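Examining the three-dimensional arrangement
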Amino acid sequence: MSMFCYQCQEAAKGTGCTIKGVCGKTDEVAALQDVLLFVTKGLAHINSAAATKGLDSDKAYKYMIDSLFITITNANFDEIKIEEKILEGIELRDELRASIEAEGVKVSSNELSVKYTGKNKSDFLAVAPSIGILSIENEDIRSLKELMIYGVKGMAAYAEHAMNLGYENKDVCQFIQKALIASCDNQLNVDELVALVLETGKNGVDAMALLDKANTESYGHPEITSVNLGVRNNPAILISGHDLKDMEELLKQTEGTGVDVYTHSEMLPANYYPAFKKYKHFVGNYGNAWWKQKEEFESFNGPVLFTTNCIVPPKESYINRIYTTGTSGFKGCTHIPDRKGGQPKDFSVIIEHAKKCPSPTEIETGEIVGGFAHNQVLQLADKVVEAVKSGAIKKFVVMGGCDGRMNDREYYTDFATELPTDTIILTAGCAKYRYNKLALGDIDGIPRVLDAGQCNDSYSLAVTALKLKEVFGLDDINDLPIAYNIAWYEQKAVIVLLALLSLGIKNINLGPTLPAFLSPNVTKVLVENFGISGITNVKEDIERIILA
Ligand code: SF4
Ligand code: SF3
């Protein structure tokens, strides 16, 4: 059996994975994820019909968000969990259909996804080839639909984190549903799909704004923080991924147990939140971006909790120490169940496991500084504006996004190193690990790398840019001395990119390679309308992006 997936930057040969994912996804997991998306589209049709009489179901929106998140790169490799989710979707769809038809709502859609009744894994694998990405023949239509769907996957991830904190935006949910339905529509032309892609970006801004509100109202505004990189002599848990509600509950439940907590990869920004800093057993950050986890989890010695992506298929030597929760999953790892009846998750099993493990082996020492989300940067606004006016700061360069395992990403380390010393890097997401431990110094006390937080905190960078535009009295955000050299890997970076475009930001450089899912014609649209370009080499790019 074969597969086709081209949703991330590491798609095989720059075109797509066809035998096994570079990420480790098997052909069967890829097929099951395709079927999960297909069933989710069927539910979207029914829930949309339900909405015509105000009968749309919150449970259905939640299911759509969960399922999209499950199919994000490196989030869930657990075929049993995906099979269960497919069956849950079919049941939910049919129950909803029966209940709205009883209320006189007519379901007009004749889509296969609305009627599909597979019952088990072999049924799912049988239908998969006919409903996958390649079932859309026209490459431009396929490209635009996938661009929209990948954006919506990223949006769903952010909406899910906000939802876990009790924050919802019905418009965002309804847009996700609309996009799922649009992806099945064979009548839509290129112009209509381009409009939908832009609308995806606008909703992406709203989803990120919602998550920003959820995070900051729950845990306070991130503030300048020196994060410890060393270790202590206690057993410990390493928490990875992006979900701050999980972080909060783990910190509460480990307090007083003798078990320390460290963040890994995208959880690093949890160190910047006032509500988490108060925990004395919250030690700091261990390790680097997601792709180095094989070595780092080995030396951590204790259990690791994944709250979301990015999971690298674990080695036998430590797989028994890997726990997943929420939408993340990996076959053979213990999954911590969801909250029920308003109760917190129960992390006792991982805490008891940690108590039996040796303390982490030190792999580095020292500190890194972060916490430059919009509220903190605005408190420094006078200083920043002064430095720009005096010429001490000539340019800002947004270098946020994702990191990845390919060697060509060394480009970002070199780019940061070679930047003129009157340049400030604004970052968010795990891309920062390529340069956040370099000694790049400061400009008049302002560090040359300002980390706003996780990839969703790219929103924070946009808020900062909009504020600077106001302070400098500019009409166009593109007149600011800000350049964009963004690294992407998975679908959260797709929604970040579309969100920036919807805010009117032009001339974004995207690397290390342009997405395999962009057809030549769609790339042309992005180049002509938004000035998007790929990267070349550090010397030429610094000339073109920074000095020109
Ligand atoms: Fe390949 Fe990326 Fe898809 Fe994994 S997510 S199968 S690496 S394109
Ligand atoms: Fe990183 Fe996976 Fe995208 Fe949230 S953890 S930015 S790659």
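Residues numbered from 1 in each chain as written. Chains lettered and ligands numbered in written order. Predicted model: local features only at pLDDT ≥ 70, side-chain atom pairs only at ≥ 80, totals over all residues. Heavy atoms only, no water.

**Observations concerning the overall build of the protein**
Of regular secondary structure, the protein possesses 19 helices and 15 strands. Since a compact globule built from 548 residues should have a radius of gyration of about 24 Å, the 23 Å found for the protein is in line with a globular shape. Seen through its C-alpha atoms, the protein measures out along the principal axes to roughly 65 × 60 × 45 Å. Taken over 548 residues, the protein has a buried fraction of 61%. Put simply, 74% of the contacts in the protein that link residues at least 6 apart link residues at least 24 apart. Counting only carbon and sulfur atoms, one obtains 51% of the accessible surface of the protein, whose full area is about 20600 Å². (Helix = DSSP H or I, 4+ residues; strand = E, 2+ residues; numbered from the N terminus. Rg over C-alpha atoms; globule rule 2.2 N^0.38 Å. Buried < 20%, exposed > 50% of the residue type's maximum accessible area, 1.4 Å probe, protein only. Contact = heavy atoms within 4.5 Å. Areas by Shrake-Rupley, 256 points an atom, 1.4 Å probe, with all protein chains shown as cover.)

**Concerning the site of ligand 1**
All residues adjacent to ligand 1 are Met 3, Cys 5, Tyr 6, Gln 7, Cys 8, Ala 11, Cys 17, Gly 21, Val 22, Cys 23, Lys 25 and Thr 73. Looking at side-chain class alone, the shell around ligand 1 contains 8 nonpolar, 3 polar and 1 charged residues. (Near = heavy atom within 4 Å. Nonpolar A, V, L, I, M, F, W, Y, C, P; charged D, E, K, R; others polar.)

**What to know about the domain arrangement of the protein**
On domain assignment, one finds that the protein holds domain 1 (1-135), domain 2 (237-355) and domain 3 (372-547). Using C-alpha coordinates to define each centre, domain 1 is positioned 34 Å away from domain 3. Domain 1 puts 15 residues into the contact, and the matching count from domain 3 is 13 residues. Across the domain 1/domain 3 interface, buried area totals approximately 1200 Å², and carbon plus sulfur atoms make up 53% of it. Contact with domain 3 buries area across many residues of domain 1, yet Tyr 6, Gln 9 and Glu 10 alone supply 52% of it, more than any other trio. Inspection of the region where domain 1 meets domain 3 yields 1 salt bridge. Across the salt bridge formed by Glu 10 and Arg 405, the nearest N and O atoms sit 2.7 Å from each other. At the boundary of domain 1 with domain 3, the tally comes to 7 residue pairs in polar contact (both at pLDDT 80 or more). Looking at the side of domain 1 that touches domain 3, its residues break down into 7 nonpolar, 7 polar and 1 charged. (Domains from an automatic or database assignment. Buried area = accessible area lost by both parts, 1.4 Å probe. Salt bridge = Lys/Arg side-chain N within 4 Å of Asp/Glu carboxyl O. Polar contact = N/O pair within 3.5 Å; in protein donor to acceptor, adjacent residues only side chain to side chain.)

**A few points about the site of ligand 2**
In the region of ligand 2, the neighbouring residues are His 242, Glu 266, Trp 290, Asn 309, Cys 310, Gly 401, Cys 402, Cys 430, Cys 455, Tyr 489 and Glu 490. Built from parts of two domains, the shell around ligand 2 gets at least three residues from each of domain 2 (237-355) and domain 3 (372-547).

**As for the nonpolar core**
Val 35, Ile 86, Ile 176, Met 247 and Phe 276 are the most contacted members of the largest nonpolar core, which totals 156 residues. The contacts of Ile 86, once residues within four sequence positions are left out, are Leu 32, Val 35, Leu 36, Val 39, Tyr 63 and Phe 124. (Core = buried A, V, L, I, M, F, W, Y, C linked by side-chain atoms within 4.5 Å.)

**Structural notes on the side chain of Asn 456**
Structurally, Asn 456 is set in the loop between strand S13 (449-451) and helix H16 (458-471). Take Asn 456: its relative accessible area is 2%, and that puts it in the buried class. Apart from the residues lying within four places of it in its own chain, the contact partners of Asn 456 are Tyr 158, Met 208, Leu 211 and Asn 215.

**Comments concerning the sheet that holds strand S10 (residues 423-427)**
If you trace the 5 strands from one edge of the open sheet to the other, you get S13-S10-S9-S14-S15, paired in parallel fashion. The open sheet has two free edges, formed respectively by S13 and strand S15 (508-511), since each of these has just one partner strand. On average, adjacent strands in this sheet sit at an angle of 20° to one another, irrespective of strand direction. (Pairing = 2+ DSSP bridges. Axes fitted to C-alpha atoms, helices over the stretch in contact; angles between N-to-C directions.)

**Quick word on helix H8 (residues 190-219)**
Here H8 contains 30 residues, and its C-alpha end-to-end distance of 43 Å stays within 8% of the 44 Å for a straight helix at 1.5 Å per residue. At the N-terminal boundary of H8, the capping side chain belongs to Asn 189, with an oxygen 3.1 Å from the backbone nitrogen of Asp 191. Gly 220 occupies a position one or two residues after H8 and carries a positive phi of about 85°. (Expected span 1.5 Å × (residues − 1).)

**With respect to the packing of helix H6 (residues 139-164) against helix H18 (residues 520-530)**
One way to put it is that H6 packs onto H18 with a least axis distance of 8 Å and a crossing angle of 55°. In terms of orientation, H6 and H18 fall into the oblique class. Mapping the contact onto sequence places Glu 139, Asp 140, Ser 143 and Leu 144 in H6 and Pro 520, Asn 521 and Val 522 in H18. For the contact of H6 with H18, the per-class residue count stands at 3 nonpolar, 2 polar and 2 charged. (Parallel < 35°, antiparallel > 145°, perpendicular 65-115°, else oblique.)

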